[in-house]
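Residue-level listing of the chains:
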Amino acid sequence: EDQVTQSPEALRLQEGESSSLNCSYTVSGLRGLFWYRQDPGKGPEFLFTLYSAGEEKEKERLKATLTKKESFLHITAPKPEDSATYLCAVLHGSGNTGKLIFGQGTTLQVKP
Amino acid sequence: DAGVTQSPTHLIKTRGQQVTLRCSPKSGHDTVSWYQQALGQGPQFIFQYYEEEERQRGNFPDRFSGHQFPNYSSELNVNALLLGDSALYLCASRVQGFGNIQYFGAGTRLSVL
């Protein structure tokens, strides 16, 4: 059964202190891995999608990488506005169908 | 360009009642999925609609049903509400096709008392 596990569950950083969030997955044939950011009381906001091992994507202070077993979201010199819950999801399905299987998320708090 | 819009924002119901949640997809999108997110958890897939038909379904009972209209908007209906149905209900839309990005609305917070 496809499964996504994120660690740590919560992470507290000082402003400027770089770190990484982990997303490990077991899936029968990866069709896509997605990272979302979710602020309290809001819906998930799309960040990145990765399709094959070795792929990397960057956006401002965030960089997502993908291996055959896991993905990392690296946060460089974070700011308080980066505080949010970060969700990882794998795409499950065939043909044109596709549901996202999410991990439980990592809640990041960045203190000034 | 309006994103995915959901209504209502918040809803309070009592056990046994029925509820209907609504979703308008992002402009140009034709596929709508619904997810349930319990507090502190990741979203769980309920079902997906394309061309007014349910195309894929997650592990949710038949009390959960849906509909898609010709203008691609969608409804989620939940009958015989249970306390455990209290959650944030998220609608996501995308363009039909493999691997296309799903964009989420802000959700409807349902509380069952």
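Scroll up to find the structure this text is about.
Residues numbered from 1 in each chain as written. Chains lettered and ligands numbered in written order. Predicted model: local features only at pLDDT ≥ 70, side-chain atom pairs only at ≥ 80, totals over all residues. Heavy atoms only, no water.

Here we look at the sheet that holds strand S3 (residues 19-26) of chain A
Residues and elements named next belong to chain A.
For step 1, the next point in the chain: Pairing is antiparallel in the open sheet, where five strands are placed in the order S1-S3-S8-S7-S6. Looking along the sheet, the strands with just one partner apiece sit at the ends: strand S1 (3-7) and strand S6 (56-59). Across this sheet, the average inter-strand angle for adjacent strands is 15 degrees, counted without regard to direction.
For step 2, the next point in the chain: Sheet topology note: the S1/S3 ladder contains five bridges and is antiparallel. Bridged to Val-4 within S3 is Tyr-25. (Pairing = 2+ DSSP bridges. Helix = DSSP H or I, 4+ residues; strand = E, 2+ residues; numbered from the N terminus. Axes fitted to C-alpha atoms, helices over the stretch in contact; angles between N-to-C directions.)

Some thoughts on the interface of chain A and chain B
For step 1, the next point in the chain: Taken together, the 23 residues of chain A in the interface contact 23 residues of chain B.
For step 2, the next point in the chain: Taken together, the two surfaces of chain A and chain B that pack against each other cover about 1800 Å², and 56% of this comes from carbon and sulfur.
For step 3, the next point in the chain: Taken together, the links from chain A to chain B amount to zero salt bridges.
For step 4, the next point in the chain: Connecting chain A to chain B are three residue pairs in polar contact (both at pLDDT 80 or more).
For step 5, the next point in the chain: Among the elements of the structure, strand S4 (33-38), strand S9 (84-92) and strand S10 (99-102) of chain A are those that each provide at least two residues to the side of chain A that touches chain B. (Contact = heavy atoms within 4.5 Å. Buried area = accessible area lost by both parts, 1.4 Å probe. Salt bridge = Lys/Arg side-chain N within 4 Å of Asp/Glu carboxyl O. Polar contact = N/O pair within 3.5 Å; in protein donor to acceptor, adjacent residues only side chain to side chain.)

Here's the deal with the sheet that holds strand S3 (residues 19-24) of chain B
Residue and element names in this part refer to chain B.
For step 1, the next point in the chain: The sheet built from four strands is open, its strands ordered S1-S3-S8-S7 with antiparallel pairing. At either margin of the open sheet sits one strand with a lone partner, and together these are strand S1 (5-7) and strand S7 (64-68). Each neighbouring strand pair of the sheet contributes to a mean axis angle of 20 degrees, computed without reference to strand direction.

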